[in-house]
Amino acid sequence: MTEFNIKEIVEAMPHLKGRLTEDAPLARLSWFRTGGPADLLFEPADEADLIEFLRHLPGNMPITIIGVGSNLLVRDGGVEGVVIRLGRGFAGIETRANLVKAGAAAMDVHVARFCADKALAGLEFLVGVPGTIGGAVKMNAGAYGREISDVFEHAHAVDLLGHVHEFTSEDLKFAYRKSSITDNMIILSASFRASSGGVDDIKARMNEITTSRQGSQPIGTRTGGSTFKNPEGYKAWELIDQAGCRGMRIGDAQISEKHCNFLINHGDASAADIEALGEKARIAVKEKTGVELQWEVRRIGRPVGDVQATNNLANKPVNEKEVTA
């Protein structure tokens, strides 16, 4: 824990409406369902509550922002300082003409369905993006030929000192799976351009995307979505498959046989197991193809014990017991 305790923080901010939890389990908030606790978890009630918290937080306390945990690996030693997680107060969706505004905690799939019900086209791809709008904007998430930068209009955000900012597409300098938004900024909401369309056509496209995902990805498992970014000119899953890593395991962690760019926790995998398995795949791909994969899954927190132990797992030669045929 940091040098500050929860009692001191609460006493400094008597008007908070949100929930502060000390030594808060984070595994339940990650789709991998693994990892250690946050020293302190804050779940603000609304924007004013978040700003109040940030403006009175001790200046040297580390701050980590998380969303719904869909593309997140929390290391086993937990996360130092305070973790901020936006909830219902940041999940609203509304529209004015063909502009759709969504809170940072709104699920991407909910935004897609909202637009379909309003006969607004252009955001159907969000039904294929796990997670929330805040994370989608920050990483310029995309699926099935479209990405956030194609529809983005502007975003409303707050920095870690509690100052509010507005960002346009030009400000964010979108590129493949990234933007210029830093970890010192918390997205509160974002607005997107849509166009008028037919409800039946929009829902048909969404059903097509959903069916494709269910047929090609390990939906319904403890996974973190796409593990690695696609290198320019390549598909990460093909490189991993070519390197002989399909089905590879470390304990209960496995590279999906259905889609090689997904890591799965079959029950009791530690975050160290999952991370080491990902690193093992990176090493194998580099040795086989010369291409170095970059993590898309966000890894946060402290490893347990010696970091070298994880490296040793990653560098251990593959044997038949580690591979599911």
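Check the entry above for the structure.
Described below are features of the structure shown in this document.

### Here we look at unusual backbone geometry
Phase 1: Of note in the backbone geometry, Ala97 takes a positive phi value of approximately 55 degrees without being a glycine.
Phase 2: Along the chain, Ala97 falls in the loop between β6 (93-96) and β7 (99-103).
Phase 3: The backbone of Asn140 shows a phi angle near 50 degrees, a positive value even though the residue is not glycine.
Phase 4: Along the chain, the position of Asn140 falls in the loop between α4 (133-138) and β9 (142-143).
Phase 5: Residue Asn140 is classed as buried on the basis of its relative accessible area, which comes to 0%.

### Observations concerning the environment of Thr227
Phase 1: Within the element layout of this structure, Thr227 appears in the loop between β15 (222-226) and α7 (236-242).
Phase 2: Classification of Thr227 as buried rests on a relative accessible area of 1%.
Phase 3: Along the primary structure Thr227 and Leu72 are separated by 155 residues, whereas in three dimensions their C-alpha atoms are 9.6 Å apart.
Phase 4: Every residue in contact with Thr227, bar those within four places of it in the chain, is listed here: Asn261, Phe262, Leu263, Gln294, Trp295, Glu296 and Val297.
Phase 5: In terms of polar contacts, Thr227 uses its side chain to reach the backbone amide nitrogen of Leu263, at 3.4 Å.

### Things to note about the pairing of strand β12 (residues 164-168)
Phase 1: In this structure, strand β11 (residues 152-159) lies alongside β12, joined through five bridges in antiparallel fashion. Bridge pairing in β12 places Ala157 opposite His165.

### A short note on the pairing of strand β18 (residues 262-265)
Phase 1: On β18, burial covers both faces: Phe262 and Ile264 on one face and Leu263 and Asn265 on the other are all buried.
Phase 2: In terms of strand pairing, β15 meets β18 through three bridges, oriented antiparallel. The residue of β18 that forms the bridge with Thr223 is Ile264.
Phase 3: Relative to β18, strand β17 (residues 253-255) is paired through three bridges, and the arrangement is antiparallel. Bridging from a neighbouring strand, Ile255 pairs with Leu263 of β18.
Phase 4: Hairpin connection from β17 to β18: six residues lie between these consecutive antiparallel strands.

### Quick word on the environment of Arg249
Phase 1: Here Arg249 is to be found in strand β16 (residues 249-250).
Phase 2: Along the primary structure Arg249 and Lys280 are separated by 31 residues, whereas in three dimensions their C-alpha atoms are 9.9 Å apart.
Phase 3: There is a polar contact of 3.3 Å between the side chain of Arg249 and the backbone oxygen of Gly251.

### A few points about the packing of aromatic side chains
Phase 1: For the coordinates displayed, the defined rule picks out four aromatic pairs.
Phase 2: Summarising the aromatic geometry, the rings of Phe152 and Phe192 are spaced 6.3 Å apart at their centres and angled 75 degrees between planes, so their arrangement reads as edge-to-face. Here Phe192 lies in strand β13 (residues 185-193) and Phe152 lies in strand β11, a separation of 40 residues in the sequence.
Phase 3: The exposure class assigned to Phe152 is buried, which follows from its relative accessible area of 1%.
Phase 4: In textbook terms, an aromatic cluster arises when at least three aromatic residues are bridged by ring pairs, as seen for Phe152, Phe174 and Phe192.

The rules behind these values
Residues numbered from 1 in each chain as written. Predicted model: local features only at pLDDT ≥ 70, side-chain atom pairs only at ≥ 80, totals over all residues. Heavy atoms only, no water. Helix = DSSP H or I, 4+ residues; strand = E, 2+ residues; numbered from the N terminus. Buried < 20%, exposed > 50% of the residue type's maximum accessible area, 1.4 Å probe, protein only. Contact = heavy atoms within 4.5 Å. Polar contact = N/O pair within 3.5 Å; in protein donor to acceptor, adjacent residues only side chain to side chain. Pairing = 2+ DSSP bridges. Phe/Tyr/Trp six-rings, centres within 6.5 Å; stacked < 30°, edge-to-face > 60°.

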